[in-house]
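# Secondary and tertiary structure notes
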Amino acid sequence: MSAAPQKAKAGAEKIAVTVSAVVPLNDLVTRFEFKRTDGAEFPPFSAGAHTVVEMQDGDRTRLNPYSLMSDPADRSIYAISVRRDDQGRGGSLFMHQKVKVGDAMTLTYPVNLFSLDLRAKKHVFFAGGIGITPFKAMIAQLEQSNGNWELHYACRTPALGTYADELTNAYPNKVHVYYDDQNQVIPLEDLLDGQPLGTHVYVCGPTGMIDWVHATAAAHGWPSENVHSEEFLAPQPGKPFEVRLCQSDITIQVGEHESLLEAMERCGVDAPFLCRGGACGQCETDVVEAEGDFVHRDHWLDDEDHASGKKIMPCVSRFVGKTLVLDR
Amino acid sequence: MSKFQFPESIASRPVYGTLEPRPGKAHLMIADAEGAEAILELASQDAALMAKTHIIYIPKGTDFSEKLRALKPAQFYEGPSYDASVQRIQKVLGDAHMGLQVYLAGTEGLMGQAMNEAVSAGIPASAIQTEHRGSVARRMQCVHCKGITEDVVTDPFVCSHCGLNLFVRDHYSRRLAAFQGVCIDAEDPGNVPEPVELYK
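Definitions and cut-offs
Residues numbered from 1 in each chain as written. Chains lettered and ligands numbered in written order. Predicted model: local features only at pLDDT ≥ 70, side-chain atom pairs only at ≥ 80, totals over all residues. Domains from an automatic or database assignment. Contact = placed C-beta atoms within 7 Å. Nonpolar A, V, L, I, M, F, W, Y, C, P; charged D, E, K, R; others polar. Core = buried A, V, L, I, M, F, W, Y, C linked by C-beta atoms within 7 Å. Buried ≥ 20, exposed ≤ 12 C-beta atoms within 10 Å, placed from the backbone. Helix = DSSP H or I, 4+ residues; strand = E, 2+ residues; numbered from the N terminus. Pairing = 2+ DSSP bridges. Axes fitted to C-alpha atoms, helices over the stretch in contact; angles between N-to-C directions. Expected span 1.5 Å × (residues − 1). Parallel < 35°, antiparallel > 145°, perpendicular 65-115°, else oblique. Left-handed = near helix turned anticlockwise from the far one by under 90°. pLDDT = per-residue confidence, 0-100.

What follows deals with the domain arrangement of chain A. Residues and elements named next belong to chain A. Looking at the assigned domains, one finds that chain A contains domain 1 (14–112), domain 2 (122–230) and domain 3 (241–326). Taken together, the contact pairs six residues of domain 1 with six residues of domain 3. For the side of domain 1 that touches domain 3, the residue count by class is four nonpolar, one polar and one charged.

The next thing to look at is the nonpolar core. Counting residues in each nonpolar core, the largest one holds 131 residues, and the members touching the most others are A:Phe125, A:Leu151, A:Tyr153 and B:Ile39. By residue number, the principal contributor to this core is helix H4 (residues 108–120) of chain B, which donates six residues. With residues up to four places along the chain from it excluded, the contact list for A:Tyr153 reads A:Ala127, A:Ile132, A:Ala164, A:Val175, A:His176, A:Val177 and A:Tyr178.

Bringing the sheet that holds strand E8 (residues 122–128) of chain A into the picture now. All names here are of chain A. Taken in spatial order, the five strands line up as E10-E9-E8-E11-E12 in an open sheet, and their pairing is parallel. Both outer strands of the open sheet, strand E10 (175–179) and strand E12 (227–230), are each paired with one neighbouring strand and no more. Geometrically, the sheet is characterised by an average inter-axis angle of 15° between neighbouring strands, direction not taken into account.

Once that is clear, we can look at the domain arrangement of chain B. Residue and element names in this part refer to chain B. Each domain of chain B was delimited in the assignment, giving domain 1 (26–132) and domain 2 (138–197). Measuring from the centre of the C-alpha atoms in domain 1 to the corresponding centre in domain 2 gives 28 Å. Residue composition of the side of domain 1 that touches domain 2, grouped by class: one nonpolar, four polar and one charged.

A word on helix H3 (residues 82–95) of chain B. Residue and element names in this part refer to chain B. Here H3 is 14 residues long and its end C-alpha atoms lie 20 Å apart, about the 20 Å a rise of 1.5 Å per residue gives. Listed as buried for H3 are Tyr82, Ser85, Ile89, Val92 and Leu93. Among the structural elements, strand E1 (26–32), strand E2 (53–58) and H4 are those in contact with the buried residues of H3.

Next up on the list: the packing of H3(B) against H4(B). Residues and elements named next belong to chain B. Interhelical geometry of H3 versus H4 gives an angle of 30° and a closest axis separation of 10 Å. Considering the angle they form, H3 stands roughly parallel to H4. Like other packed secondary-structure pairs, H3 and H4 cross with a definite hand, here right-handed. Side by side, H3 and H4 meet where Tyr82, Val86, Ile89, Gln90 and Leu93 of the first sit next to Leu110, Gln113, Ala114, Glu117 and Ala118 of the second. Residues of the contact of H3 with H4, tallied by class, amount to seven nonpolar, two polar and one charged.

Turning to the interface of chain B and chain A, a few remarks are in order. Contact residues are listed per partner, giving 17 residues for chain B and 15 residues for chain A. Residue composition of the side of chain B that touches chain A, by class: nine nonpolar, six polar and two charged.

A few words on the confidence of the model for chain B. For chain B, mean pLDDT is 96; residues scoring 70 or higher make up 100% of the total. Our summary of model confidence lists the complex with pTM equal to 0.89 and ipTM equal to 0.89.

Residues and elements named next belong to chain B. The peptide bond linking Asp155 to Pro156 adopts the cis configuration, its omega dihedral lying at -5°. One can find Pro156 in the loop between strand E8 (154–155) and strand E9 (157–158). A positive phi is found at Ala33, a non-glycine position, where the angle reads about 45°. When you line up the elements, Ala33 lands in the loop between E1 and helix H1 (35–45). At Asp151, a residue that is not glycine, the phi angle is positive and equals roughly 55°.

Quick look at the sheet that holds strand E14 (residues 250–254) of chain A now. Residues and elements named next belong to chain A. If you trace the five strands from one edge of the open sheet to the other, you get E14-E13-E17-E15-E16, paired in mixed fashion. Every interior strand has two partners, whereas the edge strands, E14 and strand E16 (311–312), have only one. As paired strands, strand E13 (residues 241–245) and E14 are joined by five bridges and run antiparallel to one another. By the bridge assignment, Phe241 is partnered in E14 with Val254.

Right, dumping it as C-alpha coordinates:
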(Lines give C-alpha, C1' and ligand atoms only; values in the text may rest on other atoms or scores of the structure.)
Protein backbone atom coordinates (compact mmCIF):
# COMPACT_ATOMS: atom_id res chain seq x y z
CA MET A 1 0.00 0.00 0.00
CA SER A 2 1.17 3.46 -0.80
CA ALA A 3 1.56 5.83 2.14
CA ALA A 4 -0.07 8.64 0.15
CA PRO A 5 -3.61 9.46 1.25
CA GLN A 6 -6.25 8.27 -1.17
CA LYS A 7 -7.85 11.17 -2.96
CA ALA A 8 -11.57 11.31 -3.49
CA LYS A 9 -11.29 12.48 -7.11
CA ALA A 10 -8.88 11.83 -9.96
CA GLY A 11 -6.28 14.45 -10.91
CA ALA A 12 -4.52 16.95 -8.71
CA GLU A 13 -6.48 19.13 -6.24
CA LYS A 14 -8.18 22.10 -7.86
CA ILE A 15 -7.96 25.86 -7.33
CA ALA A 16 -10.70 28.33 -8.30
CA VAL A 17 -9.13 31.31 -10.08
CA THR A 18 -10.07 34.55 -11.83
CA VAL A 19 -8.35 35.64 -15.02
CA SER A 20 -6.47 38.81 -14.02
CA ALA A 21 -4.71 39.66 -17.30
CA VAL A 22 -4.73 38.57 -20.93
CA VAL A 23 -1.56 39.80 -22.66
CA PRO A 24 -1.09 39.12 -26.39
CA LEU A 25 2.67 38.72 -26.97
CA ASN A 26 2.67 38.20 -30.74
CA ASP A 27 0.52 36.76 -33.53
CA LEU A 28 0.45 33.29 -31.98
CA VAL A 29 1.16 33.53 -28.26
CA THR A 30 -0.87 35.10 -25.45
CA ARG A 31 -0.10 35.14 -21.75
CA PHE A 32 -2.90 34.48 -19.26
CA GLU A 33 -2.48 35.51 -15.63
CA PHE A 34 -4.63 34.17 -12.82
CA LYS A 35 -5.39 35.26 -9.25
CA ARG A 36 -7.01 33.02 -6.70
CA THR A 37 -10.72 33.78 -6.42
CA ASP A 38 -10.56 33.42 -2.61
CA GLY A 39 -7.79 36.06 -2.48
CA ALA A 40 -5.31 33.71 -0.83
CA GLU A 41 -1.78 32.98 -2.05
CA PHE A 42 -1.16 30.22 -4.55
CA PRO A 43 0.66 27.10 -3.41
CA PRO A 44 4.40 27.41 -4.06
CA PHE A 45 5.69 25.54 -7.09
CA SER A 46 9.09 24.45 -8.31
CA ALA A 47 10.19 25.70 -11.73
CA GLY A 48 9.25 23.35 -14.54
CA ALA A 49 5.84 22.51 -13.04
CA HIS A 50 2.64 22.54 -15.07
CA THR A 51 -1.00 23.09 -14.22
CA VAL A 52 -4.00 21.54 -15.93
CA VAL A 53 -6.43 24.26 -17.03
CA GLU A 54 -10.11 23.33 -16.99
CA MET A 55 -12.04 25.06 -19.78
CA GLN A 56 -15.83 25.07 -19.91
CA ASP A 57 -16.42 25.18 -23.67
CA GLY A 58 -20.20 24.87 -23.91
CA ASP A 59 -21.11 21.30 -22.92
CA ARG A 60 -17.57 20.19 -23.28
CA THR A 61 -14.97 20.28 -20.52
CA ARG A 62 -11.45 20.66 -21.88
CA LEU A 63 -8.46 19.86 -19.68
CA ASN A 64 -5.13 21.03 -21.09
CA PRO A 65 -1.74 21.04 -19.36
CA TYR A 66 0.38 24.23 -19.56
CA SER A 67 3.76 24.98 -18.01
CA LEU A 68 3.67 27.61 -15.30
CA MET A 69 5.93 30.40 -16.52
CA SER A 70 5.56 32.99 -13.78
CA ASP A 71 8.23 33.55 -11.12
CA PRO A 72 7.94 30.73 -8.56
CA ALA A 73 8.75 33.26 -5.83
CA ASP A 74 5.63 35.30 -6.66
CA ARG A 75 2.73 33.54 -4.98
CA SER A 76 0.18 36.18 -5.94
CA ILE A 77 -0.23 34.95 -9.53
CA TYR A 78 0.10 31.92 -11.74
CA ALA A 79 0.75 32.64 -15.42
CA ILE A 80 0.78 30.48 -18.54
CA SER A 81 1.61 31.38 -22.13
CA VAL A 82 -0.50 29.67 -24.77
CA ARG A 83 0.40 29.25 -28.41
CA ARG A 84 -2.63 29.25 -30.68
CA ASP A 85 -2.84 26.02 -32.65
CA ASP A 86 -5.35 26.45 -35.49
CA GLN A 87 -5.09 22.77 -36.40
CA GLY A 88 -5.31 21.57 -32.79
CA ARG A 89 -8.21 20.14 -30.88
CA GLY A 90 -9.51 23.53 -29.84
CA GLY A 91 -8.16 24.12 -26.33
CA SER A 92 -5.71 26.82 -27.35
CA LEU A 93 -8.31 28.42 -29.66
CA PHE A 94 -10.75 28.49 -26.73
CA MET A 95 -8.14 30.23 -24.58
CA HIS A 96 -7.37 32.78 -27.29
CA GLN A 97 -10.92 33.49 -28.41
CA LYS A 98 -13.15 33.02 -25.36
CA VAL A 99 -11.14 33.78 -22.23
CA LYS A 100 -11.44 37.36 -20.96
CA VAL A 101 -10.21 39.24 -17.90
CA GLY A 102 -12.55 38.54 -14.97
CA ASP A 103 -13.56 35.05 -16.14
CA ALA A 104 -13.78 32.34 -13.50
CA MET A 105 -11.68 29.25 -14.31
CA THR A 106 -10.27 26.23 -12.55
CA LEU A 107 -6.60 25.17 -12.38
CA THR A 108 -5.08 22.12 -10.74
CA TYR A 109 -2.34 22.25 -8.16
CA PRO A 110 1.04 22.30 -9.89
CA VAL A 111 2.66 19.00 -10.83
CA ASN A 112 6.35 18.94 -11.78
CA LEU A 113 7.60 16.40 -14.31
CA PHE A 114 10.45 18.63 -15.52
CA SER A 115 12.27 19.86 -12.45
CA LEU A 116 15.76 21.30 -12.18
CA ASP A 117 18.38 18.91 -10.88
CA LEU A 118 19.77 21.13 -8.15
CA ARG A 119 22.92 19.00 -7.85
CA ALA A 120 23.97 20.29 -11.27
CA LYS A 121 27.10 22.44 -11.46
CA LYS A 122 25.62 24.21 -14.48
CA HIS A 123 22.24 24.24 -16.27
CA VAL A 124 22.03 24.58 -20.08
CA PHE A 125 18.54 25.19 -21.50
CA PHE A 126 17.47 24.44 -25.08
CA ALA A 127 14.10 25.91 -26.03
CA GLY A 128 12.22 25.66 -29.31
CA GLY A 129 9.31 28.06 -29.90
CA ILE A 130 6.67 27.90 -27.16
CA GLY A 131 8.99 25.47 -25.34
CA ILE A 132 10.42 28.63 -23.75
CA THR A 133 7.69 28.67 -21.06
CA PRO A 134 9.13 26.32 -18.38
CA PHE A 135 12.53 28.00 -18.75
CA LYS A 136 11.02 31.39 -17.83
CA ALA A 137 10.23 29.93 -14.40
CA MET A 138 13.53 28.03 -14.17
CA ILE A 139 15.54 31.16 -14.93
CA ALA A 140 13.60 33.13 -12.29
CA GLN A 141 14.25 30.37 -9.74
CA LEU A 142 17.96 30.06 -10.54
CA GLU A 143 18.49 33.83 -10.52
CA GLN A 144 17.36 33.87 -6.87
CA SER A 145 20.26 31.62 -5.92
CA ASN A 146 22.75 33.11 -8.39
CA GLY A 147 22.61 29.82 -10.33
CA ASN A 148 24.90 29.00 -13.24
CA TRP A 149 22.75 28.76 -16.38
CA GLU A 150 22.58 29.64 -20.05
CA LEU A 151 19.71 29.56 -22.55
CA HIS A 152 19.78 28.64 -26.24
CA TYR A 153 16.46 29.53 -27.79
CA ALA A 154 15.42 28.76 -31.36
CA CYS A 155 12.42 30.57 -32.82
CA ARG A 156 11.02 31.08 -36.29
CA THR A 157 11.27 34.85 -36.68
CA PRO A 158 12.01 37.86 -34.47
CA ALA A 159 8.29 38.69 -34.59
CA LEU A 160 7.42 35.26 -33.16
CA GLY A 161 10.26 35.19 -30.61
CA THR A 162 8.12 34.97 -27.48
CA TYR A 163 10.02 36.61 -24.58
CA ALA A 164 13.21 36.66 -26.71
CA ASP A 165 13.75 40.42 -26.35
CA GLU A 166 12.75 40.50 -22.70
CA LEU A 167 15.17 37.70 -21.81
CA THR A 168 17.99 39.07 -23.96
CA ASN A 169 17.68 42.49 -22.32
CA ALA A 170 17.60 41.05 -18.82
CA TYR A 171 20.46 38.54 -19.26
CA PRO A 172 22.48 39.62 -22.32
CA ASN A 173 25.39 37.30 -21.52
CA LYS A 174 23.35 34.20 -20.79
CA VAL A 175 20.63 34.24 -23.46
CA HIS A 176 21.36 33.20 -27.04
CA VAL A 177 18.56 33.40 -29.62
CA TYR A 178 18.61 31.70 -33.03
CA TYR A 179 16.14 32.70 -35.79
CA ASP A 180 15.08 30.13 -38.41
CA ASP A 181 14.34 32.84 -41.01
CA GLN A 182 17.95 34.02 -40.74
CA ASN A 183 19.20 30.43 -41.10
CA GLN A 184 20.55 30.44 -37.57
CA VAL A 185 20.79 27.03 -35.91
CA ILE A 186 21.67 26.09 -32.33
CA PRO A 187 25.31 24.86 -32.56
CA LEU A 188 24.45 21.86 -30.42
CA GLU A 189 27.64 19.85 -30.88
CA ASP A 190 29.84 22.81 -29.99
CA LEU A 191 27.67 23.61 -26.99
CA LEU A 192 27.82 20.05 -25.64
CA ASP A 193 31.58 20.04 -26.08
CA GLY A 194 33.63 21.33 -23.19
CA GLN A 195 30.86 21.82 -20.63
CA PRO A 196 32.12 21.32 -17.07
CA LEU A 197 31.56 17.93 -15.47
CA GLY A 198 28.18 17.93 -13.68
CA THR A 199 26.40 20.06 -16.32
CA HIS A 200 22.74 19.19 -16.93
CA VAL A 201 20.87 20.07 -20.13
CA TYR A 202 17.12 20.62 -20.43
CA VAL A 203 15.17 20.67 -23.67
CA CYS A 204 11.57 21.70 -24.34
CA GLY A 205 10.26 22.11 -27.86
CA PRO A 206 9.13 20.07 -30.86
CA THR A 207 9.64 16.28 -30.87
CA GLY A 208 12.41 16.49 -33.46
CA MET A 209 14.39 18.93 -31.34
CA ILE A 210 14.02 16.81 -28.20
CA ASP A 211 15.16 13.67 -30.04
CA TRP A 212 18.07 15.61 -31.58
CA VAL A 213 19.34 16.77 -28.19
CA HIS A 214 18.98 13.33 -26.58
CA ALA A 215 20.71 11.55 -29.47
CA THR A 216 23.54 14.08 -29.83
CA ALA A 217 24.22 14.16 -26.09
CA ALA A 218 24.31 10.34 -25.94
CA ALA A 219 26.74 10.23 -28.86
CA HIS A 220 28.97 12.71 -27.01
CA GLY A 221 29.06 10.43 -23.96
CA TRP A 222 26.61 12.38 -21.79
CA PRO A 223 24.83 10.21 -19.18
CA SER A 224 21.08 10.07 -19.84
CA GLU A 225 20.60 11.25 -16.23
CA ASN A 226 22.02 14.65 -17.25
CA VAL A 227 19.60 15.23 -20.15
CA HIS A 228 16.06 16.31 -19.24
CA SER A 229 13.14 16.92 -21.57
CA GLU A 230 9.46 17.63 -21.51
CA GLU A 231 6.95 17.32 -24.25
CA PHE A 232 3.21 17.25 -23.70
CA LEU A 233 1.45 15.28 -26.38
CA ALA A 234 -1.99 16.34 -27.45
CA PRO A 235 -4.27 13.37 -28.04
CA GLN A 236 -4.54 12.71 -31.78
CA PRO A 237 -7.85 11.95 -33.46
CA GLY A 238 -8.45 8.45 -34.74
CA LYS A 239 -11.13 6.00 -35.73
CA PRO A 240 -13.91 5.65 -33.12
CA PHE A 241 -13.71 2.46 -31.06
CA GLU A 242 -15.60 0.66 -28.32
CA VAL A 243 -14.18 -0.19 -24.90
CA ARG A 244 -15.56 -2.32 -22.10
CA LEU A 245 -14.59 -1.08 -18.64
CA CYS A 246 -14.96 -4.15 -16.44
CA GLN A 247 -14.62 -2.51 -12.98
CA SER A 248 -17.24 0.11 -13.84
CA ASP A 249 -19.26 -2.52 -15.69
CA ILE A 250 -20.04 -0.32 -18.69
CA THR A 251 -19.23 -0.27 -22.38
CA ILE A 252 -18.32 3.12 -23.81
CA GLN A 253 -17.71 4.59 -27.26
CA VAL A 254 -14.58 6.66 -27.90
CA GLY A 255 -15.29 9.30 -30.53
CA GLU A 256 -13.00 10.36 -33.36
CA HIS A 257 -11.93 13.62 -31.71
CA GLU A 258 -11.76 12.60 -28.07
CA SER A 259 -9.21 10.59 -26.15
CA LEU A 260 -9.98 7.36 -24.34
CA LEU A 261 -9.49 9.21 -21.04
CA GLU A 262 -11.91 11.94 -22.09
CA ALA A 263 -14.48 9.33 -23.16
CA MET A 264 -14.22 7.63 -19.76
CA GLU A 265 -14.71 10.97 -18.00
CA ARG A 266 -17.69 11.83 -20.24
CA CYS A 267 -19.31 8.55 -19.17
CA GLY A 268 -18.80 9.36 -15.50
CA VAL A 269 -15.84 7.06 -14.83
CA ASP A 270 -13.42 8.67 -12.36
CA ALA A 271 -10.17 7.64 -14.06
CA PRO A 272 -6.83 8.80 -12.60
CA PHE A 273 -4.75 11.39 -14.46
CA LEU A 274 -2.24 14.16 -13.90
CA CYS A 275 -0.56 15.46 -17.04
CA ARG A 276 -2.98 14.28 -19.76
CA GLY A 277 -0.04 14.31 -22.16
CA GLY A 278 1.53 10.85 -21.98
CA ALA A 279 4.33 11.86 -19.63
CA CYS A 280 3.44 11.29 -15.98
CA GLY A 281 2.23 7.68 -15.88
CA GLN A 282 -0.73 8.35 -13.61
CA CYS A 283 -3.43 7.05 -15.98
CA GLU A 284 -1.69 3.72 -16.75
CA THR A 285 -4.42 1.12 -17.17
CA ASP A 286 -4.25 -2.68 -17.33
CA VAL A 287 -5.68 -4.41 -20.38
CA VAL A 288 -7.85 -7.42 -19.53
CA GLU A 289 -8.59 -8.55 -23.06
CA ALA A 290 -7.76 -7.19 -26.50
CA GLU A 291 -8.32 -8.30 -30.05
CA GLY A 292 -6.81 -5.73 -32.37
CA ASP A 293 -3.95 -3.26 -32.47
CA PHE A 294 -2.89 -0.63 -29.96
CA VAL A 295 -1.81 2.82 -31.12
CA HIS A 296 0.59 3.69 -28.29
CA ARG A 297 1.72 7.33 -28.28
CA ASP A 298 2.91 7.92 -24.71
CA HIS A 299 6.40 8.57 -23.35
CA TRP A 300 5.72 6.56 -20.19
CA LEU A 301 5.59 2.85 -21.03
CA ASP A 302 8.73 1.24 -22.41
CA ASP A 303 8.88 -0.63 -25.70
CA GLU A 304 8.41 -3.94 -23.94
CA ASP A 305 5.19 -2.74 -22.30
CA HIS A 306 3.97 -1.41 -25.64
CA ALA A 307 4.62 -4.75 -27.32
CA SER A 308 3.05 -6.77 -24.51
CA GLY A 309 -0.48 -5.45 -25.11
CA LYS A 310 -1.06 -5.55 -21.34
CA LYS A 311 -1.06 -1.81 -20.63
CA ILE A 312 -2.36 1.39 -22.17
CA MET A 313 -2.13 5.10 -21.34
CA PRO A 314 -5.67 6.34 -22.09
CA CYS A 315 -4.72 10.03 -22.19
CA VAL A 316 -3.00 9.80 -25.60
CA SER A 317 -3.15 6.20 -26.85
CA ARG A 318 -5.88 4.58 -28.92
CA PHE A 319 -7.01 1.19 -30.16
CA VAL A 320 -8.05 -0.20 -33.52
CA GLY A 321 -9.78 -3.55 -33.56
CA LYS A 322 -12.64 -5.70 -32.43
CA THR A 323 -12.57 -5.97 -28.63
CA LEU A 324 -10.86 -4.03 -25.87
CA VAL A 325 -11.55 -4.69 -22.19
CA LEU A 326 -9.81 -2.53 -19.57
CA ASP A 327 -9.47 -2.99 -15.84
CA ARG A 328 -11.06 0.34 -14.90
CA MET B 1 40.93 -16.33 -12.87
CA SER B 2 40.43 -12.91 -11.38
CA LYS B 3 36.61 -12.96 -11.57
CA PHE B 4 34.45 -13.78 -8.56
CA GLN B 5 30.67 -14.16 -8.45
CA PHE B 6 29.44 -12.51 -5.25
CA PRO B 7 26.44 -14.23 -3.69
CA GLU B 8 23.21 -12.24 -3.68
CA SER B 9 22.87 -9.99 -0.66
CA ILE B 10 21.08 -7.00 0.87
CA ALA B 11 20.22 -3.91 -1.15
CA SER B 12 23.02 -1.78 0.32
CA ARG B 13 25.73 -4.10 -1.01
CA PRO B 14 27.19 -2.74 -4.29
CA VAL B 15 26.72 -4.79 -7.45
CA TYR B 16 29.42 -4.69 -10.11
CA GLY B 17 29.16 -5.25 -13.85
CA THR B 18 31.43 -5.84 -16.82
CA LEU B 19 33.22 -2.91 -18.45
CA GLU B 20 32.15 -2.08 -21.99
CA PRO B 21 33.39 0.67 -24.32
CA ARG B 22 30.99 3.62 -24.44
CA PRO B 23 31.00 6.69 -26.68
CA GLY B 24 32.80 9.57 -25.03
CA LYS B 25 35.09 12.54 -25.55
CA ALA B 26 37.61 11.17 -23.04
CA HIS B 27 37.98 8.05 -20.93
CA LEU B 28 39.31 7.75 -17.38
CA MET B 29 40.17 4.23 -16.19
CA ILE B 30 41.11 3.70 -12.57
CA ALA B 31 42.20 0.21 -11.52
CA ASP B 32 44.22 -1.70 -8.96
CA ALA B 33 45.92 -5.14 -9.07
CA GLU B 34 43.95 -7.62 -11.23
CA GLY B 35 41.64 -4.79 -12.31
CA ALA B 36 44.25 -4.40 -15.06
CA GLU B 37 42.81 -7.52 -16.71
CA ALA B 38 39.43 -5.81 -17.07
CA ILE B 39 41.11 -2.85 -18.80
CA LEU B 40 43.06 -5.18 -21.10
CA GLU B 41 39.80 -6.88 -22.13
CA LEU B 42 38.09 -3.53 -22.58
CA ALA B 43 40.89 -2.26 -24.81
CA SER B 44 40.68 -5.38 -26.97
CA GLN B 45 37.04 -4.54 -27.80
CA ASP B 46 37.72 -1.07 -29.23
CA ALA B 47 41.04 -0.24 -30.86
CA ALA B 48 40.32 3.51 -30.91
CA LEU B 49 39.61 3.75 -27.19
CA MET B 50 43.15 4.08 -25.83
CA ALA B 51 44.01 7.22 -27.83
CA LYS B 52 41.57 9.15 -25.61
CA THR B 53 42.26 7.24 -22.38
CA HIS B 54 43.96 8.19 -19.14
CA ILE B 55 44.82 5.15 -17.00
CA ILE B 56 45.51 5.51 -13.29
CA TYR B 57 46.80 2.19 -11.98
CA ILE B 58 47.85 0.92 -8.57
CA PRO B 59 49.69 -2.44 -9.01
CA LYS B 60 49.54 -3.63 -5.37
CA GLY B 61 52.37 -6.06 -6.02
CA THR B 62 51.11 -7.42 -9.35
CA ASP B 63 52.98 -7.12 -12.65
CA PHE B 64 50.41 -5.85 -15.13
CA SER B 65 51.94 -2.40 -15.59
CA GLU B 66 53.94 -3.25 -18.71
CA LYS B 67 50.89 -4.78 -20.40
CA LEU B 68 48.87 -1.64 -19.66
CA ARG B 69 51.65 0.63 -20.96
CA ALA B 70 51.73 -1.48 -24.12
CA LEU B 71 48.12 -0.43 -24.81
CA LYS B 72 49.60 3.06 -25.45
CA PRO B 73 46.99 5.08 -23.56
CA ALA B 74 47.13 8.86 -24.01
CA GLN B 75 48.27 9.06 -20.39
CA PHE B 76 49.43 6.41 -17.94
CA TYR B 77 50.09 6.91 -14.25
CA GLU B 78 51.24 4.24 -11.85
CA GLY B 79 50.70 5.03 -8.18
CA PRO B 80 52.14 3.26 -5.13
CA SER B 81 48.77 3.30 -3.32
CA TYR B 82 45.24 4.67 -3.66
CA ASP B 83 45.97 7.38 -1.10
CA ALA B 84 49.00 8.47 -3.12
CA SER B 85 46.90 8.57 -6.31
CA VAL B 86 43.81 10.36 -5.03
CA GLN B 87 45.20 13.87 -5.61
CA ARG B 88 45.78 13.01 -9.24
CA ILE B 89 42.29 11.53 -9.56
CA GLN B 90 40.78 14.72 -8.12
CA LYS B 91 42.84 16.90 -10.46
CA VAL B 92 41.85 14.86 -13.52
CA LEU B 93 38.15 14.98 -12.57
CA GLY B 94 38.35 18.69 -11.76
CA ASP B 95 39.76 19.46 -15.20
CA ALA B 96 37.37 17.11 -17.03
CA HIS B 97 34.38 18.04 -19.19
CA MET B 98 31.05 16.42 -19.96
CA GLY B 99 31.52 13.46 -22.24
CA LEU B 100 34.08 11.84 -19.92
CA GLN B 101 33.48 8.13 -19.35
CA VAL B 102 34.74 6.65 -16.10
CA TYR B 103 35.68 2.97 -15.76
CA LEU B 104 36.62 1.45 -12.39
CA ALA B 105 38.11 -2.03 -11.99
CA GLY B 106 39.74 -4.08 -9.28
CA THR B 107 39.02 -4.32 -5.56
CA GLU B 108 35.89 -3.05 -3.85
CA GLY B 109 37.86 -0.54 -1.76
CA LEU B 110 39.36 1.11 -4.85
CA MET B 111 36.11 1.18 -6.80
CA GLY B 112 34.11 2.58 -3.87
CA GLN B 113 36.55 5.38 -3.13
CA ALA B 114 37.09 6.34 -6.77
CA MET B 115 33.30 6.24 -7.29
CA ASN B 116 32.93 8.82 -4.52
CA GLU B 117 35.41 11.13 -6.21
CA ALA B 118 33.65 10.81 -9.58
CA VAL B 119 30.18 11.38 -8.08
CA SER B 120 31.28 14.47 -6.18
CA ALA B 121 32.77 15.76 -9.43
CA GLY B 122 29.27 15.60 -10.92
CA ILE B 123 28.92 12.22 -12.65
CA PRO B 124 25.81 10.26 -11.65
CA ALA B 125 26.71 6.96 -9.94
CA SER B 126 24.56 5.03 -12.41
CA ALA B 127 26.69 6.33 -15.31
CA ILE B 128 29.97 5.02 -13.87
CA GLN B 129 31.00 1.53 -14.92
CA THR B 130 32.57 -0.90 -12.47
CA GLU B 131 34.01 -4.41 -12.72
CA HIS B 132 35.27 -6.38 -9.74
CA ARG B 133 38.52 -8.25 -10.26
CA GLY B 134 40.98 -9.93 -7.93
CA SER B 135 40.87 -9.94 -4.16
CA VAL B 136 37.53 -10.06 -2.35
CA ALA B 137 39.15 -8.22 0.57
CA ARG B 138 36.97 -5.51 2.04
CA ARG B 139 37.53 -1.99 3.26
CA MET B 140 35.83 -2.01 6.68
CA GLN B 141 34.71 0.74 9.03
CA CYS B 142 34.60 -0.06 12.75
CA VAL B 143 31.20 1.32 13.76
CA HIS B 144 32.53 1.87 17.30
CA CYS B 145 35.74 3.87 16.80
CA LYS B 146 35.04 4.80 13.12
CA GLY B 147 38.53 3.70 12.14
CA ILE B 148 39.00 2.16 8.69
CA THR B 149 40.75 -1.19 8.27
CA GLU B 150 41.80 -1.91 4.68
CA ASP B 151 41.99 -5.28 2.94
CA VAL B 152 40.04 -7.35 5.48
CA VAL B 153 39.92 -11.00 4.37
CA THR B 154 38.59 -12.79 7.46
CA ASP B 155 35.40 -12.70 9.50
CA PRO B 156 35.60 -11.78 12.32
CA PHE B 157 38.68 -9.57 12.34
CA VAL B 158 40.41 -7.26 14.79
CA CYS B 159 39.91 -3.50 14.29
CA SER B 160 43.31 -2.04 13.44
CA HIS B 161 42.46 1.09 15.45
CA CYS B 162 40.65 0.10 18.66
CA GLY B 163 41.32 -3.63 18.80
CA LEU B 164 37.66 -4.76 19.08
CA ASN B 165 36.69 -8.07 17.47
CA LEU B 166 34.46 -7.10 14.53
CA PHE B 167 31.85 -9.06 12.61
CA VAL B 168 31.96 -8.34 8.84
CA ARG B 169 28.58 -7.14 7.61
CA ASP B 170 27.27 -6.69 4.04
CA HIS B 171 25.87 -3.31 5.18
CA TYR B 172 27.77 -0.81 3.02
CA SER B 173 28.27 2.96 3.19
CA ARG B 174 28.73 4.69 -0.16
CA ARG B 175 29.82 7.86 1.61
CA LEU B 176 32.66 6.02 3.35
CA ALA B 177 33.14 3.44 0.59
CA ALA B 178 33.34 0.85 3.38
CA PHE B 179 31.45 -2.07 4.84
CA GLN B 180 30.40 -1.90 8.47
CA GLY B 181 32.18 -3.95 11.18
CA VAL B 182 30.27 -4.55 14.43
CA CYS B 183 31.67 -5.89 17.72
CA ILE B 184 30.96 -9.61 17.83
CA ASP B 185 31.64 -10.27 21.52
CA ALA B 186 30.07 -7.23 23.20
CA GLU B 187 27.79 -9.25 25.46
CA ASP B 188 30.24 -12.04 26.20
CA PRO B 189 33.75 -10.52 25.91
CA GLY B 190 36.31 -12.99 24.70
CA ASN B 191 33.76 -15.36 23.16
CA VAL B 192 34.99 -14.88 19.57
CA PRO B 193 34.36 -17.46 16.84
CA GLU B 194 37.37 -18.75 14.92
CA PRO B 195 38.03 -16.34 11.99
CA VAL B 196 37.16 -17.82 8.59
CA GLU B 197 38.24 -16.49 5.22
CA LEU B 198 35.50 -14.45 3.46
CA TYR B 199 33.30 -16.52 1.11
CA LYS B 200 34.98 -19.79 2.21
